[in-house]
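Listed below are the residues making up each chain.
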Amino acid sequence: MQAPVPLVQVQALAVTAGPRTLLQVPALQINAGERVAIVGPNGAGKSTLLRVLAGLAGPVHVAGQVRVLAREIGPAATAPLTRAQWRTLRSEVGLVMQGLHLVPRLSARENVLIGALARLQGRAALLSWARVFPKALQAEADTALAVLGLQDLAHVRAERLSGGERQKVSLARLRLQRPRLVLADEPTSALDPSATQQACAALCAAAAGPGQALVTVVHDLQLLPALATRVLGLAQGRLQWDLPAAAVSEAALQALYTTPAGAAAGPATHSPVHPTPHTLAHAQP
Ligand SMILES: Nc1ncnc2c1ncn2[C@@H]1O[C@H](COP(=O)(O)OP(=O)(O)OP(=O)(O)O)[C@@H](O)[C@H]1O
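Residues numbered from 1 in each chain as written. Predicted model: local features only at pLDDT ≥ 70, side-chain atom pairs only at ≥ 80, totals over all residues. Heavy atoms only, no water.

### A few points about helix α5 (residues 135–147)
The first and last C-alpha atoms of α5 sit 18 Å apart over 13 residues, in line with the 18 Å expected at 1.5 Å per residue. For α5, the set of buried residues is Leu137, Glu140, Ala141, Ala144 and Leu145. All buried residues of α5 fall inside an arc of 135 degrees around its axis, so they share one side. Opposite the packed face of α5, turned more than 90 degrees from it, sit the exposed residues Lys135 and Ala136. Summarising the contacts, the buried residues of α5 are in contact with α3 (108–113) and α6 (163–177). One or two positions beyond α5, positive phi appears at Gly149, with a value near 75 degrees. (Helix = DSSP H or I, 4+ residues; strand = E, 2+ residues; numbered from the N terminus. Expected span 1.5 Å × (residues − 1). Buried < 20%, exposed > 50% of the residue type's maximum accessible area, 1.4 Å probe, protein only. Arc of directions from axis to C-beta. Contact = heavy atoms within 4.5 Å.)

### With respect to the side chain of Gln240
Here Gln240 shows up in strand β10 (residues 238–244). Residue classification places Gln240 among the buried positions, given a relative accessible area of 12%. Engagement of the side chain of Gln240 in a polar contact is seen with the backbone oxygen of Ala235, the distance being 3.0 Å. (Polar contact = N/O pair within 3.5 Å; in protein donor to acceptor, adjacent residues only side chain to side chain.)

### A short note on the packing of α5 against α6
Where α5 meets α6, the closest approach of the two axes is 9 Å, and the angle between their N-to-C directions is 145 degrees. The interaxial crossing formed by α5 with α6 has right-handed handedness. For the pair α5 and α6, contact is made by Leu137, Glu140, Ala141, Thr143, Ala144, Leu145 and Val147 and by Ala172, Arg175 and Leu176, respectively. Looking at the contact of α5 with α6 residue by residue, the class counts come to seven nonpolar, one polar and two charged. (Axes fitted to C-alpha atoms, helices over the stretch in contact; angles between N-to-C directions. Left-handed = near helix turned anticlockwise from the far one by under 90°. Nonpolar A, V, L, I, M, F, W, Y, C, P; charged D, E, K, R; others polar.)

### A look at the packing of α6 against helix α7 (residues 193–206)
Interhelical geometry of α6 versus α7 gives an angle of 25 degrees and a closest axis separation of 9 Å. Classified by the interaxial angle, the pair formed by α6 and α7 is roughly parallel. The handedness of the crossing between α6 and α7 is left-handed. Residues Lys168, Leu171 and Leu174 of α6 form the contact with α7, whose participating residues are Ala195, Ala199, Leu203 and Ala206. Of the residues that constitute the contact of α6 with α7, the class distribution is six nonpolar, no polar and one charged. (Parallel < 35°, antiparallel > 145°, perpendicular 65-115°, else oblique.)

### Structural notes on the pattern of salt bridges
Counted according to the given criterion, the structure contains five salt bridges. Where Arg178 meets Glu140, a salt bridge forms, and the shortest distance between an N and an O atom there is 3.4 Å. Highlighted residues: Arg178 in the loop between α6 and β7 (181–185) and Glu140 in helix α5, separated in sequence by 38 residues. Glu159 is paired through a salt bridge with Arg157; the nearest N and O atoms lie 2.9 Å apart. For Arg157, a relative accessible area of 31% puts it in the partly exposed group. Salt bridges here are not isolated pairs; linked through shared partners, they connect Glu34, Arg230 and Asp242. (Salt bridge = Lys/Arg side-chain N within 4 Å of Asp/Glu carboxyl O.)

Now the structure itself:
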């Protein structure tokens, strides 16, 4: 068996805002080939964890080690990453965040195409500054948009798209970006049921290659079977459990969503059962 390839390694992570501790993660490793869902009640720290992994923690204090794609991006780094190193890292980490990270004045198609910028070299890289992209890439962008039902909106500026349409554009962009690590924060929150299925398929496809991994904050627990091979239960800023998706029980989910304030993190103690979409739906808060 091949040794696991860690894409995310966290040690002694503590995120604070003034006197308040928002997140404490003693240790966490996510390996290539994993699809990890982060679940938990509102305010649990799910987005905070994802933002830390994306290097976008914001106005909070971060302590501990945060290694993403073998680069230390946390305060434990001996030297801050250079702009070029950040650029490389950004090209290898696909983000589908609530802020969406689209360029408002560019069209849906151009926003998808810029996913491929890091792959362009020589003349193609130069021409991309004038928003001229190789024909093969344009065809790939059109396919990515069509897969998510956006073909008729390809030339509409991102700023004129609805929230759900923008969410789909960031999902389509993953296909051209081919990132090693995808970090998605509630990527289907603005989508209708049929688009949600397409979005889950697009997310899984974007992280299905060897050496890739997907980390998704999930609110709709019915999506767990489609999106995750492993589930992290977070409440009160602490990891309450870390289980294979097939071992997540209804009891574990119910306990998570009723974790009292100030509850300490503990090891998984729930008996493994195979949840179905039906049982997961019942466990929704
Ligand atoms: N910059 C900040 N300053 C102070 N508190 C913050 C800051 N950012 C987040 N928080 C707090 O940290 C806690 C965790 O927030 P986070 O957004 O990570 O939760 P979440 O689990 O993603 O919640 P939700 O499911 O509601 O999106 C919340 O109580 C939030 O108010």
